Amino acid sequence: MEEQILRLPAEQLFQNEIDALIKAEKHPVPAGWNMSPQSVKTYICGGEVNGTKITPKYIGHERLVEIAISTLVTDRALLLTGEPGTAKSWLSEHLTAAINGCSTKVVQGTAGTTEEQIKYSWNYAMLVSKGPSIEAMLKSPVFNAMETGTIARVEEISRCASEVQDALISLLSEKRISVPELALEVPAQKGFSVIATANTRDKGVNEMSAALKRRFNIVILPAPANLESEMEIVNTRVSQLSMNLDLNASLPEEDVVEKVCTIFRELRNGETLDHKQKVKGTSGVLSTAEAISLLCNSMALAGSFGSGTITDTDLASALQGAVIKDEEKDNIAWKEYLENIMKKRGSEWSGLYMACKELSGE
Amino acid sequence: MDNPNFFGIRHLSPAGAYYLRCFLDIKQPELVLVEGPADFNDILKDITRKETKPPIAVLAYTKEVPVRTILYPFAEYSPEYQAILWCNERNARLRFIDLPSSTFLALPERCPLYAEGEENRTNIYMELDKICGDGGHETFWERVMEQAGSLEAYHTGAKNFGANLRSLTEGNGDNWAETVLREAYMRQQIKDAVNSGINPANIVVVTGSYHVEGLKNWQESNENFKGMPETETLHTLMPYSYYRLSTRSGYGAGNKAPAYYSLLWEGFKRNEPGYSSYSYFVKLAAYMRKTGNPVSAASVIEAVRLAGALAMLRNGSRPALCDLRDAAITCIGEGSFAAVSLGTADTEIGTVIGTLPDGVSRTSIQDDFYRQLNELKLEKYYSAVCQDIMLDLRENRRVKSEKAAFIDLHRSFFLHQLRVLNTSFATQQKTNQDNATWQEHWMLQWSPEAETVLVESALKGDTIAGAASFEMKERVENATSMGQIALVIEDACYCGMEKAAVYATTALQKMAVDTISVEDLAETAQRLSIIIQYGNIRKVNPMPLKPILSQLFYRACLVLESACICDDAASQIITSAIEKLNSTELAHDFLDTEEWIKVLQSIARHDNLNTKLSGFAAAILLERGNMDTESLHTEVSRRLSAGTPADLGAGWFEGLAMKNKYALIARLSLWESLNIYLTTLTDEEFKRALLFLRRAFAGFSAAEKDQIAENLGEILGLDGSQTSEAVNTVLDESSQEIIDSLGDFDFDF
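Residues numbered from 1 in each chain as written. Chains lettered and ligands numbered in written order. Predicted model: local features only at pLDDT ≥ 70, side-chain atom pairs only at ≥ 80, totals over all residues. Heavy atoms only, no water.

Caption draft 1: Layout of the overall build of chain B. Along chain B, the regular secondary structure elements total 35 helices and 10 strands. Out of the 749 residues belonging to chain B, those deemed buried represent 53%. Put simply, 76% of the contacts in chain B that link residues at least 6 apart link residues at least 24 apart. Accessible surface, chain B: about 33,100 Å² in total, of which carbon and sulfur atoms supply 51%. (Helix = DSSP H or I, 4+ residues; strand = E, 2+ residues; numbered from the N terminus. Buried < 20%, exposed > 50% of the residue type's maximum accessible area, 1.4 Å probe, protein only. Contact = heavy atoms within 4.5 Å. Areas by Shrake-Rupley, 256 points an atom, 1.4 Å probe, with all protein chains shown as cover.)

Structure, rendered in structure tokens:
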């Protein structure tokens, strides 16, 4: 049965690591937590306990992970912001997996999210037939988290309408939820907190109010600091994903990953890695997450329709798809990049250059 | 025999300062020996004076140029400083035992421990950073040593730290030889102290923890230090600043966050270990609010809690600076460092500067500086924060005493003298006034660098004025052109130093005798002229300057005519020189007007000179009313007569048209002459003339051209407005091409 599931939650995927950490616990464990803050950090940043290797989940910027964990220790809510694809949701999922062993109390913020989804709603059939009762109440993930003293996740909070965001304010400051229909006050148990994520690109959609912001400790997740850590992230994630997805292709070679990361970083930062040449940026974000999915796509292409290893042609079409979002402008930027940067990179890049050139040629 | 009590410290360490005092309280020593140049013992009594407020520094400098300096900073939380205070309170004796500064400064390489360059040390510290992880060795030191819970812990911790550091560097590094020498000297000093009859148990030796191991074998010391290199040095106490401390981080010389370290020290004094962490956020929030960024008390509380949690994650008992800063970024800056960077700079580094009692500064020039600050009521500018001051040099008639009436003038003198000495204390800003005469705008900011330059200036003189005058004298002696000397004269007048001005004037006079460059002469004459004209606002006595200006002017008159034999390119320089000389002559009635007119007339008349210059000279004469209409006509007809090469004639007209255009426009006959001249030219000649005439008329405005057109219309019998339209039209492409082709014209005769 389990094998049919497309994507296992983090706590099941890394069950043995979590178990090992809990078993080897040496530090005091805060109320409502499954392990100590130190162990949570080991779980996220990688390490080894009693012979069990802990794979790193978030690479680079360990200090930010420490700040995030410490925030949750002080029962403050945590807001992770950053450009799209900087592992905000990823980090939030793993934090809850390690702290509570449960990463599924999620409210997905959208323009259509309502206040009920943050607090509670009703089973209307039961409500009509029996009147208001606890049984007729449908508790939201946040409600559940308060009752159990665990951490709820709110994804893309800045996409919610402001009245929905405001509903969170009272929950976070009073740390209790009231159900006037039942004359009920449910206090949060120790360990309750919220991890929200917000996208800095979408800032304008529903700017968070100062009152709400004040209830969060804000951690900005940056893009990976250098090529090496970005390659490490991409490598780890691609191999994990390909195992899950049963892609019939061999893992991308080191130099393929390097090429993709180099291209992404250069287009993202607007200059070459050696800082010597300016590069015209593109409208897309070209995040690390996108690099990962690009490589997985290429593997799927190669596995299903190709030789099983990623060729330059596979890579070229995937790259073009990822880079060119806003037709005209990006097309020009991509062609300029091909001619001015990639063409001059020497023989290692010439295969990829030729393939890209062929695709983009009219 | 017993060993003396060694206490290893880290310079500028609050915990070290606190536990050292505890240590001294327990040991009650008779004598405390401190790592620091042995010839500094005489400043101890000044350091302990009530009015002395750290941060301060001892500056030692060589007596001869090039001046080399070393600096020993003390903050309130320096263990050495607290040792000095302790000894003063208990009547114990204290001595510095390191190499004297006279030897230090004579050594080929300065000791990187205190001196500017930190290269040698950086390597080992970079290595340490790697070993320590977690924010590097600074954080390691803070977590382990600054948060040490007891005297015992600090004492042994520092010893181990020093010993380990030593085992990493022993025998290598460029400064190892120096370390060996210094430690040998210190050992000898310890031995001397013991030999003088003090029980070693009653001696405490305070050194950097690094040296503790090296001093252990003090009994074996029998070195002879007679042959050590030596140079003559002086030293002085000077105020220091937290900012300067923070820029020279590294082992001995400073630390990155002095204001934060003073919070740590305050925490020790209050016996309140959490003090530094909450006061850090309170100070930060106060600064943010003051600068218009609201920070709620709730955020401050959250930050304190987060910092505590961060420290716990690192198994620290209390937050270290990096925890505090990260918590501030997260809770107060909403995740971005930029939002709190100014606040953290203020809280961590701060703007504190030290003070010394009057008369303690060792150099008389420093004394003079502070005396004048006081006298000129400029004390409030003695601050690490940059401040503006506007000076009005005119007499203030509303006050009684003469001193008060001219206080801004005297301030200006003082600031200009400091400027001449190249101290960074005062920088002059531009004012809206052209040729700024009575108003000056200055930016004042005290910094230890400014003080250092001041101390170095002690070699030039005992007072600021004296040093400035020496500086100016040197500039005069090294001057290679009159312009440089004129600048010195100008500076001397700005500084209100007549004698220096006279000295420079004499030098100028000597140089002027040999100068034949009209350009130089005119430029210098103009500078002097301005000083004489506006100098009275600065109470400059113009008398000594007048003769030299007359001389310069006369000399310019003599050489001007021969300078006028030149090509068109050089003529521009000469034109501006003539213009300057003319305005100088007009400004002063003591100059030889007759001679000047004679020269101009001669230039205007002679045919062998550059015709443009002749034309220009005529224009000036015309303007000054020294040429009547009659002679103008004669001259115009002569210059523009048929047969004169076209470029010469038109060139002359160009020079004439450079001045008093209205006078020219008003004279109809002039245009008639020009018209007749042009009609006599052949086509080929006309093309030549066209170039010059076009240039001559380029300077006229549309309205002026309009009037010329009217004149021409009169002469040619055309309608004025039509002509005007014709001359004011922008060239179309084909005409432009023709004109451009004229540019290729061969002008070789």
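Caption draft 2: Layout of the nonpolar core. Counting 186 residues, the largest nonpolar core has L95 of chain A together with F281, F369 and F425 of chain B as the members making the most contacts within it. If one sorts the elements of this core by residue count, helix α24 (residues 545–563) of chain B sits on top with 10 residues. F40, L99, M145 and V206 of chain B belong to the second-largest nonpolar core, a separate cluster that totals 51 residues. (Core = buried A, V, L, I, M, F, W, Y, C linked by side-chain atoms within 4.5 Å.)

Caption draft 3: Quick peek at the interface of chain A and chain B. Each side of the interface is counted separately: chain A has 20 residues, and chain B has 20 residues. Buried surface at the junction of chain A and chain B, summed over both partners, amounts to about 1,700 Å²; 56% is from carbon and sulfur atoms. Summed over the three residues of chain A that lose the most area to chain B, namely R63, T74 and I218 of chain A, the buried surface amounts to 29% of that side. Linking chain A with chain B are 5 salt bridges, by the criterion used here. Note that E66 of chain A and R314 of chain B form a salt bridge whose closest N and O atoms lie 2.8 Å from each other. There are 8 residue pairs in polar contact (both at pLDDT 80 or more) connecting chain A and chain B. The set of elements that each furnish at least two residues to the side of chain A that touches chain B consists of α3 (37–45), α4 (62–73) and β11 (216–220) of chain A. Ranked by the residues each element gives to the side of chain A that touches chain B, the list is headed by α4 of chain A, at 7 residues. A breakdown of the residues in the side of chain A that touches chain B according to their chemical character gives 7 nonpolar, 6 polar and 7 charged. (Buried area = accessible area lost by both parts, 1.4 Å probe. Salt bridge = Lys/Arg side-chain N within 4 Å of Asp/Glu carboxyl O. Polar contact = N/O pair within 3.5 Å; in protein donor to acceptor, adjacent residues only side chain to side chain. Nonpolar A, V, L, I, M, F, W, Y, C, P; charged D, E, K, R; others polar.)

Caption draft 4: Main features of the packing of aromatic side chains. Residue and element names in this part refer to chain B. Applying the stated rule across the entire model yields 22 aromatic pairs over all chains. Look at Y260 and Y280: their rings are 6.0 Å apart centre to centre, the planes differ by 90°, and that puts the pair in the edge-to-face class. With Y260 in helix α11 (residues 258–270) and Y280 in helix α12 (residues 275–290), this residue pair connects regions lying 20 residues apart in the sequence. Take Y260 and Y280: they sit in the same class, and that class is buried. With centroids separated by 5.5 Å and ring planes inclined at 55°, the aromatic side chains of F553 and W596 adopt a geometry described as tilted. (Phe/Tyr/Trp six-rings, centres within 6.5 Å; stacked < 30°, edge-to-face > 60°.)

Caption draft 5: A look at the packing of helix α25 (residues 568–587) of chain B against helix α26 (residues 593–605) of chain B. Residues and elements named next belong to chain B. Two numbers describe how α25 lies on α26: the axes approach to 11 Å, and their chain directions differ by 150°. The angle between α25 and α26 places the two elements in the roughly antiparallel class. As α25 runs across α26, the sense of the crossing is left-handed. In this structure, α25 contributes I578, L581, N582 and E585 to the contact, and α26 contributes T593, W596 and L600. Along the lines of polarity and charge, the residues of the contact of α25 with α26 split into 4 nonpolar, 2 polar and 1 charged. (Axes fitted to C-alpha atoms, helices over the stretch in contact; angles between N-to-C directions. Parallel < 35°, antiparallel > 145°, perpendicular 65-115°, else oblique. Left-handed = near helix turned anticlockwise from the far one by under 90°.)

Caption draft 6: Representation of the environment of I177 of chain A in the model. All names here are of chain A. Position of I177 among the secondary structure elements: in strand β8 (residues 176–179). Sequence separation of I177 and K119 is 58 residues, and the distance between their C-alpha atoms is 7.7 Å. What I177 contacts, discounting residues up to four positions off in sequence, is K119, Y120, F143, M146, L171, L184, E185 and V186.

Geometric descriptors of this kind do not, in isolation, establish any biological role.
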